[in-house]
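Residue strings, one per chain:
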Amino acid sequence: MMCTMSAAAVAVWFGTVVTILSRSHADRNVYPSAGVLFVHVLEREYFKGEFPPYPKSGDASNDPITFNTNLMGYPDRPGWLRYIQRTPHSDGVLYGSPTAEHVGKATVIEITAYNRRTFETARHNLVINIMATEEFPLPYQAEFYIKNMNVEEMLASEVLGDFLGAVKNVWQPERLNAINITSALDRGGRVPLPINNLKEGVYVMVGADVPFSSCLREVESPHNQLRCSQEMEPVISCDKKFRAQFHIDWCKISLVDINKVVPVYITRPDPGTGILPEYGEYNPPSESLKARDYFSDFLITLAVPSAVALVLFFILGYTMCCRREGVIQLVHHSSIQKSSKELRSMSKNREISWPLSTLPVFNPVSGEVVPPIHPDNYETTSMPLMQTQTNLQNQITIPQQRPSGKWYS
């Protein structure tokens, strides 16, 4: 019985070890050259056997698999290395152009494959050993903008080979290498509309060892520069050699001769007075420091302003209530308030007097009192204060004296 159990335990242990070993990969080493485009394809078929088979036979390739790539010990990739995978059912691609400063430094990239159906993972390492090359850097570099390609399409070896063949046909160099490939979206381009099979565009930089051909120099002519400024397509004699497969925007081509480029040396300025000198690592204070009591500081901070405010209050009170000038000001202010209050009470009780033209009049001869011209119920606001004698209803005739001395009416 014990032998049977031990045999079963050994079988389980052996199966577990085999499973772990089957899911682990040995490190894969690659040897790119500095200044030359590096492309590494993450094939789904390579990781497909690490996951359990699909329930239906023959459908294992339909598993959606995505990849995560990062520099070992860091959350992201090196700055020169990019990664793209368009859909979970397509292969991933690592690409970039290492420079001379990366030569001799082994770069370990951790690649993790995720099966989106079973949620299982498989991982292996990619060791990138960057080698130096005598051809780097090639002195003459040209960057083309291809409008009808996506970056993953251009990274395919056969498509990139066709493009380099077309460039070599119009340039005729002895050595020609692809230096770098960049998606137009990384240069600020917009995502194309999903109509008419539009592409996002891609920039391809190539380098050669001979000067630029006359065909490539045609872009720099004044006539073509004028057409480009007017957003018109320039006239290039060798465009037909690309047009069958690659639609190049000749207004965006860049020709650089690095032999004529003036190097710019950036010198680090001396630290000024605002920068602290280097004192090494920070050493925190030890735990043996004595505790400090801040209660006395709190009382001083609160008591001093309170005492100053209290002294100012007493000085103001003494000046206003005990000094002669202050008493006079208080009495004067009180008298003004009393007078203004009395005037307000008198203004409430006064009556509005009528104009003289509305008061009762009397006959100077007979002494008879005549009622006012305007009765109380008559609107007087629109009537004049004085009226002519022809408009008076109760006109009074005053006797006048003749020249002979007699009076007449």
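To be clear, the structure that these remarks concern was listed above.
It should be emphasised that the depicted structure is a prediction, and the values quoted were computed from it without experimental measurement.

What counts as what
- Residues numbered from 1 in each chain as written.
- Predicted model: local features only at pLDDT ≥ 70, side-chain atom pairs only at ≥ 80, totals over all residues.
- Heavy atoms only, no water.
- Core = buried A, V, L, I, M, F, W, Y, C linked by side-chain atoms within 4.5 Å.
- Buried < 20%, exposed > 50% of the residue type's maximum accessible area, 1.4 Å probe, protein only.
- Helix = DSSP H or I, 4+ residues; strand = E, 2+ residues; numbered from the N terminus.
- Contact = heavy atoms within 4.5 Å.
- Patch = residues over 30% accessible without salt bridge, like charges linked within 9 Å, V, L, I, M, F, W, Y side chains within 5 Å.
- Areas by Shrake-Rupley, 256 points an atom, 1.4 Å probe, with all protein chains shown as cover.
- Salt bridge = Lys/Arg side-chain N within 4 Å of Asp/Glu carboxyl O.
- Phe/Tyr/Trp six-rings, centres within 6.5 Å; stacked < 30°, edge-to-face > 60°.
- Lys NZ or Arg CZ within 6 Å of the ring centre and 35° of its normal.
- Pairing = 2+ DSSP bridges.
- Disulfide = S-S within 2.5 Å.

Would you explain the nonpolar core in this entry?
Generally speaking, a soluble globular protein has its nonpolar side chains buried in company with each other. By size, the foremost hydrophobic cluster in this structure holds 39 residues, and its most contacted members are Phe-144, Met-154, Phe-163, Trp-171, Val-206 and Trp-250. Those elements that provide at least two residues to this core are strand 5 (92–96), strand 8 (140–146), helix 3 (151–154), helix 4 (157–171), strand 9 (176–183), strand 10 (202–208) and helix 5 (214–217). Of the residues forming this core, the biggest block, eight residues, is contributed by helix 4. Those residues within four positions of Trp-250 in sequence are excluded, and the remaining contacts are Phe-144, Leu-216, Val-219, Pro-234, Ile-236, Cys-238, Asp-239 and Phe-242.

Is there a simple way to explain a nonpolar patch on the surface in this structure?
A cluster of nonpolar residues, Ile-300, Val-304, Val-308, Val-311, Leu-312 and Ile-315, forms a patch on the protein surface that exposes about 550 Å² of accessible area. Mapped onto the elements of the fold, Ile-315 is located in helix 8 (residues 295–321).

Would you mind showing me how to read the pattern of salt bridges here?
As a working rule, side chains carrying opposite charge can pair if their charged atoms are close by. Considering all chains together, one arrives at 13 salt bridges under this definition. Here Lys-48 ties to Glu-45 by a salt bridge, and the two come within 2.7 Å at their closest N and O atoms. In this pair, Lys-48 and Glu-45 are both assigned in helix 2 (residues 44–48), three residues apart and thus about one turn of the helix distant. Its salt-bridge partner being Glu-233, residue Arg-243 comes within 2.8 Å of it at the nearest N-O pair. Of the two residues, Arg-243 sits in helix 7 (residues 240–243) while Glu-233 sits in the loop between helix 6 (222–229) and helix 7, which places them ten residues apart along the sequence. A relative accessible area of 46% places Glu-233 in the partly exposed class. Salt bridges sharing partners connect three or more residues here, namely Arg-86, Glu-152 and Glu-200.

Would you take a moment to explain the packing of aromatic side chains for this structure?
One pair of aromatic rings is described through two measures. These are the centre distance and the angle between the planes. What the rule picks out here adds up to 13 aromatic pairs. Of the aromatic side chains, those joined through ring pairs into one cluster are Phe-144, Phe-163, Phe-242, Phe-246 and Trp-250. Above the ring of Tyr-203, the side-chain terminus of Arg-187 is found at 4.4 Å from the ring centroid. The positively charged end of Lys-252 is found above the aromatic ring belonging to Tyr-145, 4.5 Å away from the centroid.

I tried to follow the pairing of strand 5 on my own but got confused; where do I start?
On a regular strand, each side chain points to the face opposite its neighbour's, so the side chains alternate between the two faces of the sheet. The buried fraction of strand 5 is high, at five of five residues. The two faces of strand 5 match: Gly-92, Leu-94 and Gly-96 on one face and Val-93 and Tyr-95 on the other face are all buried. One ladder, built from five bridges, connects strand 2 (residues 38–42) with strand 5; its direction is antiparallel. Note on strand 5: the bridge partner recorded for Val-41 is Val-93. In terms of strand pairing, strand 4 (residues 81–84) meets strand 5 through four bridges, oriented antiparallel. Following the sheet pairing, Arg-82 is matched in strand 5 by Tyr-95.

Mind showing me how you'd approach the environment of Leu-37 here?
With respect to the helices and strands, the residue Leu-37 is situated in the loop between strand 1 (28–30) and strand 2. Residues Leu-37 and Ile-179 lie 142 residues apart in sequence; the distance between their C-alpha atoms is 4.9 Å. When neighbours within four sequence positions are excluded, Leu-37 is seen to be in contact with Gly-96, Leu-155, Leu-160, Ala-178, Ile-179, Asn-180 and Ile-181.

Where do I start with the state of the cysteines in this structure?
Note: disulfide means a covalent bond formed between the sulfur atoms of two cysteine side chains. Tallied over the full model, the rule gives two disulfides. There is a disulfide in this structure between Cys-215 and Cys-238, and the S-S distance comes to 1.4 Å. Across the S-S bond of Cys-215 and Cys-238 the torsion is about -60°, and the bridge reads as left-handed. Highlighted residues: Cys-215 in helix 5 and Cys-238 in the loop between helix 6 and helix 7, separated in sequence by 23 residues. Judged on exposure class, the residue Cys-215 and its partner Cys-238 are both buried. In the chain, the bonded cysteines, taken in the order they occur along the sequence, pair up as 1-3, 2-4.

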